[in-house]
Structures are given as structure tokens and as C-alpha cells.
Amino acid sequence: MRFLELFVHDPKNPLVFNTGTFFLLFTAFMIVYALLRGRNALRLGWILGFSLYYYYKCNGVFMLTLLALTAADWAIALRVHQQEDPGRRKAWLTVSVVLNLAALGFFKYTNFFLRNVSALTGAHVDPLDIFLPIGISFHIFQSLSYLVDVYRRLYPPTKSLFEYALFLSFFPQIVAGPIVRAPEFFSQIHPIREPAPDDVAAGLYRIVQGVAKKALIADYVGIYSDLVFAAPETYSGPEVLLGIYAYAIQIYFDFSGYSDMALGMARILGVKISENFDSPYGATSITEFWRRWHISLSSWLRDYLYIPLGGNRAGPVRKYVNLMLTMLLGGLWHGASWNFVVWGGLHGVGLAVHKYVGTRWPDRGARWRRVLGWVVTLHFVAALWVFFRAKDFATAFQVFERLAVEWEPARIVTMLEVRHWVVAALALGFVASALPTSIATRLQGYFVRVPLPVKALVFVALLQFVVQVQGTNIQPFIYFQF
Amino acid sequence: MRARALRESPIAARPVSSPPQSARRSPYVQLLLVFGFAWLLLGAYALSQRDIVVLGARIARSEIATYFGVARAAEPDELAAEGLGADVEAGAGGAGLGAGGGLADGVEAAEPVPPPPAPADSGGARVVDEAPQRILIFGDSMVQSIQPRLGDYCLENGHKLLPAVWYASTTVAWGVQHKLDQLINEFKPTMVIAVLGSSEISTRKVEERDKFVRAIVKKVGRRKFVWIGPPNWREDTGINALLERELGKERFFRSAELELDRIEDKIHPTPAGGVKWTEAFLGWLRDESAYPILLATPTRTAPKIPARVYPPPY
């Protein structure tokens, strides 16, 4: 009986938001949640229970890692706060940082380390069979920010282990962010706010938007980018270029679609989480791109890495060094591969160049410069996604190599004829991803105001469309692997 | 005075309009109404026995009924396997948007896969597996040339057949994407037949296709598996040699030298050409392949078997 399977971890099928199964569970969750109105402790307990269940469905017994880190970090934060002696406070903080990074290092980077040792020494080292718990990078970063803030005495630690567990495991954002800061979360659960009708409708809209982004755009253009990156040698220059654009759109719609769903579900529960994206492909410089892309990570890297390293206060040379270090580590955070390091490093170079150009030739708001900046930024970002997507450097270079060949007009015409739906989806994707947030807000406003039956019909139509196009083949979110 | 005038005015006499009913409901009641409506419709359709077809496309069912151990309505593949039902669906189960995306497991690491076990040879005589088979035949448009006559044989011999046609598809497409996994998971074939290679007759660097062929073989696993090579209409750049090398003579049926009548495009066989091609293949399957199965000559023509049809992979 498959009902029982809902309570068993299946490593091959993590519970993904964009599935009927998840929505069925979420509906059941919401029925109980609604019945617990006015009982804050029970509601929070119910959220925690469902969050741990969700994490268990994604990670099985490795949920124990989350529980162990939660207990340890909660206790250490109290210690850090209680200690008056600066040396001891720092020592406790160091213990917690080492503990968290050791856990992350073991699960995520052990085999990367072994591969490199093997390559450097020539010794044959078999990789270990290590399961990477989904979402570990996110909750460890969330925990580290809490510990550092407590150390800095920005706020007192929570005395409740239960609340801290809820903060780290909150199901809408545990597996792929946004990385939430503690004050933002704790300020909203004492008591958890009873949402207004508009909140629920807006939350539902964000879920609808997220599902549409993921299932209709990301997964569709992803088919094409998968083909190109699997065998770039078989594609012409225009086709490879289309494949690169396709991946740029895929990763944005995939990740921002997940974030939309996370924000929507949290809002329905009465918790507002900060936005994680702000029309990143509309950025006119690489610096602006990083202010709009994966905002919770880039602000984390700024606050807990770049500024502690000295930021831009220690002279121009040190500023560039700090920038490069931050981006290299940011790249490595995404995955245990030199591809990600190179990707982060090249973004660091881009940021450094942009800062240098901005210092030498300040932007006085010329229109041509903004247009040029937009085109250059978009293509720079898209080109660097090649390192992010390709399975190794050889494939990445092969993609760039193929990009330069077979640009005969006849090939372009054929490509446009054969792949017109991909081109149309990409055009739609780029326009949608560059639109100002105000337009999305306005659309959300329309949805909030339409009568309930219309909302229901839109929701059903979308679910049916997703069922129609996905068949039995559900694609997990790209950022689950980080 | 003014208050009294207002109280007595016709405006004041009218009852104060109440907010719409939906606005008075708790937000969570509204949300659960939306969810409930969705599950009611999707659930009812998932349990129903009748297909809804809109603009020629079958409306797919959600998986929710299966979680409660409820058997869902017969899916088109089962109908197809029985040789019944209407000539269904363009792209059921995933054609069009979002179908089959993602890299298949094992493409990157695909190593040559050992052939599945051949039937035991008793004293030099070939042992025919007389059990009825569930045959999945997949590939490019050439499947449609093989399918009609193969359908006759299946009907005669009690085999079930599911044809899956992915127009203009290649070893790359089937190797990389999940369509084959999907089809195998859904249909659970005992025998798989690939009809692929026609779109790779002129491919340069054909030797780089080996990993995709291996990925396909890996997806099929330890089921009976044979591959019908492309019926060349021009000299190939090595696809036949590659397939023969990867699969071996007992799993690869070489069609390159067959003289077949072709339609106007000079590529696809005519119906008569298709019959000739199929007979040649089945003769090989019976007499030379690793997996002889029951193949008595048909005495009747099978009804047209509906196929899974997918648009070109770009």
C-alpha cells in the first residue's frame, strides 16, 4: 500500500515541492494547522514536527545530523552568551565553527579532497560512499550566522531548544534557502501571526508562480540544455549558444521558483521571509547582479566573510584580495568541484574589474552605458554558468570551442525553425527575469483580488498542466545538490 | 438635526451592505477550499475510468490515487499492450513541455554492459522462449515501419506490444533523457527492441556515440534486448559498425544492406518495404539472435496499435 511509503525515506525520490505528493501532504498539514488557531505552542510544535518529517523524507537517518548540530549549536550559543571572558567566548565560537565546518567538510568535501590527493600523489584512493544530506550547506550557514551574531552580542540567544530547532528546520526553506537570519525568524513566532486573507492569497500566488517557473519554464528549457551539455561536440555554434542561454534561464527559474514556493508557504503560515531574487538578469553590472541574485547567500558572504576579512577598509589591494577570497569560497560552497571554484573565482575577477572601472570612470548614468552594462553583464553571467553546468573542464572548454564554429546563416534558420519553442520560452524567460519587481507585485495584487472560485480554477489549471507535462518524471531542484 | 435627517433618509433606511461571503471566511478556510477543490477534481479524474481528450491530447492523471492503494484507470500503455483502444495520444505521459528532462543516470560513467543472459543451449539446438512477452519497441520514426507487421506477430503469439516513437531521435536523446526509463517503469517489458540510428547516418565523430549506446543498454538492464540498425539510404559514417561493436552480432540486426521500397523522401520504407524489413528482422530474431521467442506466422491482421509519440528532441 503506497500510503505507507509516505513515511519511508526513499533516497531516489526526495520529497520535492513541485509534486502532487507534497501538495497532498501540505493540504493535510494545513488542515491541522488551521484547527490549531490560537494555540501558538501547538502550532509551532506542528510546524516543527512536519519540518522534521519533511527533512527525514529528504535525508532519511541523516536527519540525526541536523538534530545533533541543532542541539550542539543551541548549547554553544548559550555558552558564548553567558561567558564574560573574551578569550573563552572566542574559544566557544571557534568550537562551534569547527564543528559545523567539520560536518560540512566531511559530507561535502571528503571525496573532493581524496580526489585531489590522488591526483597530486598519483596514489589510487577509492572515493568513500558518503551521502550528502540535502540542504546541509543552507542550515549550517544559517546556524553559523546565528552563532556569530550571538558572539557579537547583536541579540541574545534563544533559551528554547525547541524554537532553535524550528528556526533551523523550518520546512519551507530548509533544503534550498533562503538563508534566514535569526531575528527575522524569531520576531515572527512570538506568537506566530494569524495571517490576513491577503497574506494567504499572496502566499498561494507565490506558490503558483513558483510551480509555473519550475515546471513550465525551467524543466522545459532544461531538456535542451541537458542535450547540449551532454554532447556539445554534436551541436553547431548557434545551437550551443542557445544551450548556454537555456541553462541561464533554467537555473534562474528553477532556483527562484523554489524560493517563490518557500516564501509563499511561509507567508501562508504567517511568516514573512526576505526575497531571495530581484530580477537578476536586469542587472547592468556584475556588482548589481550579486545584489539581486541569491540575495540571502550574497549578503551572508558579505556579512560573515568579506567584512570580517577586512572588506574594503584595508586598502585597494586588500579589497580585491578579500573579494577574490570571498567569491572563491562562495564558489566552493556550491559544490565540491574545481568547476565551482573557477566559477566563483571568475565572478570575483568580474567584480574586481567592475569596481576598478567604476573607480576610474565613474558611472554618471549615461543610457548607453547602462544598456552596454546590461548586455555585457548578462553574457558574462551566462558564459560563467558553463563552468557551473559542465561536468568537467573538458566539457566546458568543448562548449566554448563549439560556440565558435558553424555559424552559417542556413544553420541559424534551421535552428530557429526546429527549436522555435525553445527560443520562445527563452525569450519569455529573459523578459520575465528582467522585469521590475513592481510588475510581479502588481500581478500578485490582481490575483489577491480575484474571487475565490477564480483562484481555485487557476490553481487547478496549473496543477493539471504540471501533471500533463511532467508525466512520471519529476526533476529535483538544482540547488538541492548544494 | 443632521443626524436625524440622515436616519430618516432613504439611504439610511437601506440595510448596510455586508462584505462578500468569501471575505468573511477565515483565510485558512479559503485556502483549504482552493486545495479541496483541486484535490476533488484531480482525485475524481485519477479514479475515473474515462479519458478526457482535449484538442486531441489525453488529459493526464495525477498520481494521488495510488497513495491510497487504489488502482487507477487503465492507462493507454496497457490499452496499447492489449492492442485495444483508440489511436491515442500524441505525447501522452510527457510529450511537449517538460517531458523527460534531465540527464539520465549512468551516461557519464557508462561502461560496456555485458549482454543479458541468453537462453540455455541444449545440445546445440536453439531454445525458444515460449512465454508470452511484453515487448517495448522504441526509437525514431522508423519504428512505424516495423510496428504494423510486428503487431500481427504479437497478436498471433500472445505477446503484448508497446511502440514508442520519438521523431528524429538519436542515441544521444534516448541515452541522455529519461523517456526510456519512464517507458520501462510503466510498461515493465520483458523484451526491448530499439530502432535507432537513422538520424545518425551522417553524423561526424560517430565514435563519440558509444557512451550513449551504453547508457541505453544500461537502462534496459538485464531484459532481452535487440537493436534494429538503420536501413541505410546512403553510406553511413560508421553508426552501423559502432552499434555492431557495442552490441554484438546476437543483439544487433544489421539492416544497412536491405533493399527496401521507399516513399517519396527516399528514406522511410513504404508499407510493403516495412513488412519486408520486419520479416527479415524477425527471421534473424528467431534464427540468429540471442533471444528467440515464439514467432508463429500470423493468420490475421492486428488492429492498429496506439503508440507513444513524442515530438522531435529539437
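Residues numbered from 1 in each chain as written. Chains lettered and ligands numbered in written order. Predicted model: local features only at pLDDT ≥ 70, side-chain atom pairs only at ≥ 80, totals over all residues. Heavy atoms only, no water.

**Quick word on the overall build of chain A**
In terms of helices and strands, chain A carries 20 helices and 0 strands. Buried positions account for 57% of the 482 residues belonging to chain A. The contacts of chain A with a sequence gap of at least 6 include a subset with a gap of at least 24, amounting to 77%. Surface exposure of chain A reaches about 20300 Å², of which carbon and sulfur atoms provide 68%. (Helix = DSSP H or I, 4+ residues; strand = E, 2+ residues; numbered from the N terminus. Buried < 20%, exposed > 50% of the residue type's maximum accessible area, 1.4 Å probe, protein only. Contact = heavy atoms within 4.5 Å. Areas by Shrake-Rupley, 256 points an atom, 1.4 Å probe, with all protein chains shown as cover.)

**Remarks on the sheet that holds strand E7 (residues 252-253) of chain B**
Residues and elements named next belong to chain B. Taking strand neighbours across the sheet as the criterion, the 6 strands line up as E7-E6-E5-E3-E4-E8 in an open arrangement whose pairing is parallel. Of all strands in the sheet, those with a lone pairing partner are E7 and strand E8 (308-310), marking the two edges. Pairing geometry for strand E4 (residues 160-166) and E8, over 3 bridges, is parallel. Note on E8: the bridge partner recorded for Val165 is Val309. In the packing of helix H8 (residues 179-187) onto the sheet, the strands contacted are strand E3 (134-139), E4 and E8, and the crossing angle to E3 comes to about 165°. (Pairing = 2+ DSSP bridges. Axes fitted to C-alpha atoms, helices over the stretch in contact; angles between N-to-C directions.)

**Considerations on the nonpolar core**
Counting residues in each nonpolar core, the largest one holds 157 residues, and the members touching the most others are A:Met30, A:Tyr146, A:Phe171, A:Tyr281 and A:Trp385. Looking at this core, the element that brings in the most residues is helix H10 (residues 237-269) of chain A, giving 19 residues. With sequence-adjacent residues up to four places away left out, A:Tyr146 is seen in contact with A:Ala77, A:Tyr155, A:Pro157, A:Thr158, A:Tyr164, A:Phe167, A:Ala182 and A:Phe186. In this structure, B:Ile146, B:Cys154, B:Leu260 and B:Ala307 belong to the second largest nonpolar core, which totals 29 residues. (Core = buried A, V, L, I, M, F, W, Y, C linked by side-chain atoms within 4.5 Å.)

**Structural notes on the packing of helix H4 (residues 63-82) of chain A against helix H7 (residues 161-169) of chain A**
All names here are of chain A. For the pair H4 and H7, the least separation of the axes is 10 Å and the interaxial angle reads 125°. When the interaxial angle is binned, H4 and H7 end up oblique. The hand of the H4/H7 crossing is right-handed. The residues of H7 that touch H4, namely those facing Leu66, Thr70, Ala71, Asp73 and Trp74, are Leu161, Tyr164, Ala165, Leu168 and Ser169. Among the residues making up the contact of H4 with H7, the classes are represented as 7 nonpolar, 2 polar and 1 charged. (Parallel < 35°, antiparallel > 145°, perpendicular 65-115°, else oblique. Left-handed = near helix turned anticlockwise from the far one by under 90°. Nonpolar A, V, L, I, M, F, W, Y, C, P; charged D, E, K, R; others polar.)

**A word on the pairing of E3(B)**
Residue and element names in this part refer to chain B. Counting buried positions along E3 yields 5 of 6 residues, so the element is predominantly enclosed. Pairing geometry for E3 and E4, over 6 bridges, is parallel. Looking across to E4, one finds that Ile135 is bridged to Leu161. With respect to chirality, the unit in which E3 leads through helix H6 (residues 143-157) into the neighbouring parallel E4 is right-handed. Across 5 bridges, E3 lies against strand E5 (residues 191-195) in parallel orientation. Each residue of the ladder has a partner; that of Ile135, found in E5, is Met191. (Right-handed = clockwise from strand over helix to strand, strands pointing away.)

**With respect to the environment of A:Asn322**
All names here are of chain A. Inspection of the secondary structure puts Asn322 in helix H13 (residues 316-334). The class of Asn322 is buried, set by a relative accessible area of 0%. Separated by 17 residues in the primary sequence, Asn322 and Leu305 have C-alpha atoms spaced 8.5 Å apart. What Asn322 contacts, discounting residues up to four positions off in sequence, is Tyr306, Leu309, Gly310 and Gly311. Of the polar contacts made by the side chain of Asn322, one reaches the backbone oxygen of Leu309; its length is 3.4 Å. (Polar contact = N/O pair within 3.5 Å; in protein donor to acceptor, adjacent residues only side chain to side chain.)

**Quick word on the packing of helix H6 (residues 136-151) of chain A against H7(A)**
All names here are of chain A. It is the contact of H6 with H7, at a shortest axis distance of 9 Å, that shows an interaxial angle of 130°. Between H6 and H7, the crossing angle belongs to the class labelled oblique. Along the contact surface, H6 presents His139, Gln142, Ser143 and Tyr146, while H7 presents Tyr164, Phe167 and Leu168.

**Some words on the pattern of salt bridges**
Residues and elements named next belong to chain A. If you walk through the whole model with that rule in mind, you get 25 salt bridges over all chains. Among the ionic pairs, Asp260 bridges to Lys213, the shortest N-O distance being 2.8 Å. Of this pair, Asp260 sits in helix H10 while Lys213 sits in helix H9 (residues 197-230), placing them 47 residues apart in sequence. Because the salt bridges share partners, they merge into one network encompassing Arg206, Lys213, Asp260 and Glu275. (Salt bridge = Lys/Arg side-chain N within 4 Å of Asp/Glu carboxyl O.)

**Observations concerning the confidence of the model for chain B**
For residues with low pLDDT, the predicted coordinates do not support detailed interpretation. Residues and elements named next belong to chain B. Overall, the predicted model of chain B reaches an average pLDDT of 74, with 69% of residues at or above 70. Overall, residues 69-110 carries pLDDT values under 50, and its contacts beyond four positions in sequence, including any with other chains, amount to 111 contacts. Note on residues 119-124: pLDDT is under 50 here. Beyond four places in sequence and across chains, it has 7 contacts. (pLDDT = per-residue confidence, 0-100.)

**Some thoughts on unusual backbone geometry**
All names here are of chain A. The omega angle of the peptide bond from His190 to Pro191 is -10°, so this bond is cis rather than trans. Mapped onto the secondary structure, Pro191 falls in the loop between helix H8 (182-186) and H9. Within the chain, Ser279 stands out as a residue other than glycine whose phi angle is a positive 45°. With respect to the helices, strands and loops of the structure, Ser279 is situated in the loop between H10 and helix H11 (286-292). Phi angles above zero are rare outside glycine, and His294 is one such case at about 40°. Relative to the helices and strands, His294 is located in the loop between H11 and helix H12 (295-306). Given the relative accessible area of 0%, His294 is considered buried.

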